[in-house]
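Understanding the architecture of this molecule
In case you want the letters, here they are:
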Amino acid sequence: MTQIDCTVCGSAAQRPAWTVKDTLLEFPGEHKIVRCPECGTLRMSPRPPFEERRKAFTDMYPLFDWALGRRHTAVADERIARFHNQIAQISKRHQPGRLLDIGCSDGDFMLGMKRRGWDVHGIEMHKKVADYAREERGLDVTVGAEHEVDWDGVYDCITLFGVIEDLDDPSACLKRCNEHLAEDGLLVIQTHNIASLEARFFGADWFNVEAPRHVWHFTPKSLKLLLMNNGFSQDVLLHYGSAYVTERSIENRRGKVFPSSTMDRILRKLIIMPVERITPRIGQGIEIESYSRKSGANL
Ligand SMILES: [Zn+2]
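Everything quoted here is computed from the prediction, not taken from an experiment. (Residues numbered from 1 in each chain as written. Predicted model: local features only at pLDDT ≥ 70, side-chain atom pairs only at ≥ 80, totals over all residues.)

Of the regular secondary structure elements, the chain holds ten helices and eleven strands. Over its C-alpha trace the chain gives a radius of gyration of 19 Å, about what one expects of a compact globule, namely 19 Å for 299 residues. In terms of its C-alpha atoms, the chain occupies a principal-axis envelope of roughly 50 × 50 × 40 Å. Buried residues in the chain amount to 39% of all 299 residues. In the chain, the share of contacts with a sequence separation of at least 24, taken over all contacts with a separation of at least 6, comes to 72%. (Helix = DSSP H or I, 4+ residues; strand = E, 2+ residues; numbered from the N terminus. Rg over C-alpha atoms; globule rule 2.2 N^0.38 Å. Buried ≥ 20, exposed ≤ 12 C-beta atoms within 10 Å, placed from the backbone. Contact = placed C-beta atoms within 7 Å.)

Structure, rendered in structure tokens:
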């Protein structure tokens, strides 16, 4: 276990926030989350070594369901549709070229981009999931964590969906993204928003705290600063809501399945669904998605 400094501003200062357990997969251990008083980023500190933390991405991780054969119902088109907005956003900002998806899981997003004419490559550290993407879907996926493998050349777009919060060193990863992006290349990062009203309301019970997989919890400001520190300038930050996250957070808080009563179903309709729609429009999305270019890119 090592104490870690803030990846955004480099400060070693910390204020205790919460002590939490893994409520999603029940991976053993208690984890301390601290807040950086300089920039507002939260982090797990001390932190187990990466080799220990990667075991917490067990076969039961929900995003691995299709690749590991637990769910068969959704056809590929429906699964790719989850990335509809990301595919549209990238398409309107860049012509098809080479794309690297870091933490590509079973390759749904890669398939969607391939259909748009992109030459797609992925990195995935869960071997069985990466094997599925390669063998069942014919995708070019390198097995390993991003810091362990060769990124193989220069790209027109690099994407990290729900990945930056898991990394040992997000700043080092973004520096590497800068080195592997073409001059007019696009960097897309999606992560959760620890400054959102919902995160502040649920605190330690917020579903996205998700220790020990999530090490870092960024605010819109601290993500922008991290990008600037590594040679990027942000074009736009999009906000998304998620009733799924709200409902799992309610379950964490009360220790009971949601919904489990008529009152819960009324709550879902009158509060949770409207919150999912309204919070992104007022800059309070629980997920944030950044589109950036290299600083000084001449477009
Ligand atoms: Zn900081």
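Strand pairing within a sheet occurs via backbone hydrogen bonds; the two strands may be parallel or antiparallel. The sheet built from four strands is open, its strands ordered β1-β2-β3-β9 with antiparallel pairing. Two strands in the sheet have a free side with no partner beyond their single neighbour: β1 (15-20) and β9 (216-217). Bridge count between strand β2 (residues 31-35) and strand β3 (residues 42-44): three bridges; the pairing is antiparallel. What sits directly across from Ile33, in β3, is Met44. (Pairing = 2+ DSSP bridges.)

Here the focus is the sheet that holds strand β11 (residues 287-294). Overall, mixed pairing links the seven strands, which are arranged β6-β5-β4-β7-β8-β11-β10 in an open sheet. Looking at the sheet topology across the chains shown, the edges are occupied by β6 (140-143) and β10 (232-240). Pairs of neighbouring strands in the sheet enclose a mean axial angle of 15°, with direction left out of account. Here helix α8 (residues 220-229) sits on the sheet in contact with β8 (181-192), β10 and β11, set at roughly 155° to β10. (Axes fitted to C-alpha atoms, helices over the stretch in contact; angles between N-to-C directions.)

Where helix α6 (residues 170-180) meets α8, the closest approach of the two axes is 9 Å, and the angle between their N-to-C directions is 50°. The angle between α6 and α8 places the two elements in the oblique class. Judged by the sense of rotation from one axis to the other, the crossing of α6 with α8 is right-handed. Here Pro170, Ser171 and Leu174 of α6 come into contact with α8, specifically with Leu226, Leu227 and Asn229. (Parallel < 35°, antiparallel > 145°, perpendicular 65-115°, else oblique. Left-handed = near helix turned anticlockwise from the far one by under 90°.)

Among the residues making up helix α4 (residues 108-115), those that are buried are Asp108, Phe109, Met110, Gly112 and Met113. Residues of α4 that are buried sit in contact with α2 (76-81), α3 (84-93), β4 (98-102), β5 (119-124) and β7 (155-161). Trailing α4 by a residue or two, Gly117 shows a phi angle of about 100°, which is positive.

Looking now at helix α10 (residues 262-278). Taking 1.5 Å per residue, 17 residues should reach 24 Å; α10 reaches 24 Å between its end C-alpha atoms and fits that length. The sharpest bend along α10 reaches about 40° and sits at Arg268. Counting buried residues along α10, only one of its 17 residues qualify, which leaves the element largely exposed. (Expected span 1.5 Å × (residues − 1). Bend = angle between axes of the 7 residues up to and from the residue.)

Any functional reading would require information beyond the geometric quantities listed.
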